[in-house]
Amino acid sequence: MLLLGFAGMVIGQFMAILDIQIVASSLPQIQAGVGASADEISWIQTAYLIPEVVMIPLSGYLSRLWGTRNVFLVSCAGFMAMSVATGLSSSIEAMIVFRALQGFVGGAMIPTVFAVAFTAFPPEKRVTASVVMGLIVTLAPTVGPTLGGHLTEQLDWRWLFFINVPPGLLVLFLVGRYANFDKGDPALARGFDWWGLALMAVFLMSLQFVLEEGAKNDWFADDLILLLAAVVAITGPAFVWRSLSYRNPIVELRAFANRNFTVGVVMTFTVGAALFGGTFLLPLFLSRVRDYSAAEVGTTMVVSGLAMFATGPFAGRLVRRLDARVLMFGGFMMCAWGMWDAHAVTTEWGFWEFAGVQALRGVGVMLAMIASQQVTMATLPPHMVKNASGLVNLSRNVGGAVGLALLNTSLTRNTALHMNELTQAIPATDADMQGLLAGLQDRFAGSLDPAGAAMKAVYGMLERQATTLAFGDAFAMLAVACVFAAFVTLLSRPVRAAPPPADVH
């Protein structure tokens, strides 16, 4: 019965994480469907993520107040209702509002599963539960764009949201029937920290907005980004002070006094950057440089998902037999190896060239994630686990947001830098360049402006090459981050390997 309730929660967690990325490959179709501008349509993603980061840490407090099952049921029901409302929206404004509410109410389904795995299961079963969560957390963002692309092609973009209803009903049944893991403590409602909630909400939502929109708006050159960065700098320390000084805080930050938890949060932050960063870079390269369709991108991306899926069971066994620090170190180094190989990317790279890169990244991320979950939670007292699970999941989301912001900025600036280098290295007076231009002018002889068409074609070639070099730099940046994380793992204290699961007769 415990497993059925947990299975229902895992399905709900998969839905909530999947919805972050499922619209990624179908934004042009959604844009046409609701008549949105290019700037407005990006808010379909941003509006989901900004409120979600508030609910993720808040869910630990709500679980202690109302009980895990009640919080999860309300979260799932609200998520389904907002999914249908988003799919039925006829304007971009309504869609953004419903999408924001969907992210907020659905955010509670992510960390509560994590807390249940480390409180409701006996020690010998926790590694297995951790492996299941690791598969969900890594597979959902990997298959999201692929599933979204196929749903849009076969049915309609509105089904990106309607698809949540059938599994949502199954989640409500399983969790409502079998997930009676704990009871709430209504006494926690007395002295609720409204100031702490306000400071946390303003801090996290402002931070997420800066990270999501900063790269598009040239960071601090934009007045709104500069203002919100100042808000982050003020409300962040104020929230920390309030959480440490108030008798009944929204988020229990004292978990950071535990060395393994602190190191684990850094690891999870880096896993988020590597997971979401890799999932962001590869489809973008394939569509921007190779002109792959959504289906072709999905076929190429499947290698990473298969590698993660195949590694999960082995990672669970290794965690029981080896020091988790060894697995974390090895996992991050494998991930770094794959990302470093990709820094040599060329304009001809496709499925087979990226297969090895994705396999290494997939195996490495899965090993590092499973091991870091054990290190992070194993030495915490039970009463801190619910709050700590929210902080761990928040660190992964913020890590992904920071990674994407840095990668976006790196791509924009390095593309311009490489373009400048290439144009300076190949002057128009170069003999080979003159020959190329002459050949292209002959090819475009039937156009109104053969010389202009030839120059435009050469510019396109150079821009494609500069973009490819910038992607190589971005892959290298991820590799360096993974190497850094590998050595940070050595700061954690050893965790005794989990006992093997008992035989069931």
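Residues numbered from 1 in each chain as written. Predicted model: local features only at pLDDT ≥ 70, side-chain atom pairs only at ≥ 80, totals over all residues. Heavy atoms only, no water.

A. Broad picture of the packing of aromatic side chains. Tallied over the entire structure, the rule returns 13 aromatic pairs. Pairing Y61 with F192 gives two aromatic rings, centres 5.3 Å apart and planes at 75°, and the pair type is edge-to-face. Highlighted residues: Y61 in helix α4 (residues 43-66) and F192 in the loop between α10 (165-178) and α11 (194-213), separated in sequence by 131 residues. Among the residues examined, Y61 registers a relative accessible area of 0% and is labelled buried. Its relative accessible area of 18% is what places F192 among the buried residues. Each ring, one from F354 and one from F475, has its centre 6.4 Å from the other, and the planes form 45°; the classification is tilted. (Phe/Tyr/Trp six-rings, centres within 6.5 Å; stacked < 30°, edge-to-face > 60°. Helix = DSSP H or I, 4+ residues; strand = E, 2+ residues; numbered from the N terminus. Buried < 20%, exposed > 50% of the residue type's maximum accessible area, 1.4 Å probe, protein only.)

B. Representation of the side chain of S395 in the model. Within the element layout of this structure, S395 appears in helix α17 (residues 385-425). A relative accessible area of 8% means that S395 is categorised as buried. Excluding its chain neighbours within four sequence positions, the residues that come into contact with S395 are V265, T268 and F269. (Contact = heavy atoms within 4.5 Å.)

C. Seen up close, the side chain of R242. Assignment of secondary structure puts R242 in helix α12 (residues 223-245). When neighbours within four sequence positions are excluded, R242 is seen to be in contact with D193, W195, G196 and L199.

D. How the structure looks around helix α6 (residues 92-106). When the terminal C-alpha atoms of α6 are compared, their 20 Å separation across 15 residues agrees well with the 21 Å that a helix rising 1.5 Å per residue should span. The set of residues buried in α6 consists of I92, M95, R99, Q102, G103 and G106. On an axial view of α6, the arc spanned by its buried residues comes to 95°, and they lie on one face. (Expected span 1.5 Å × (residues − 1). Arc of directions from axis to C-beta.)

E. How the structure looks around the pattern of salt bridges. For the structure on display, the rule yields three salt bridges. Linking D19 and R99 is a salt bridge whose minimum nitrogen-to-oxygen distance equals 3.1 Å. Highlighted residues: D19 in helix α1 (residues 2-21) and R99 in helix α6, separated in sequence by 80 residues. Residue D19 is classed as buried on the basis of its relative accessible area, which comes to 0%. The exposure class assigned to R99 is buried, which follows from its relative accessible area of 0%. (Salt bridge = Lys/Arg side-chain N within 4 Å of Asp/Glu carboxyl O.)

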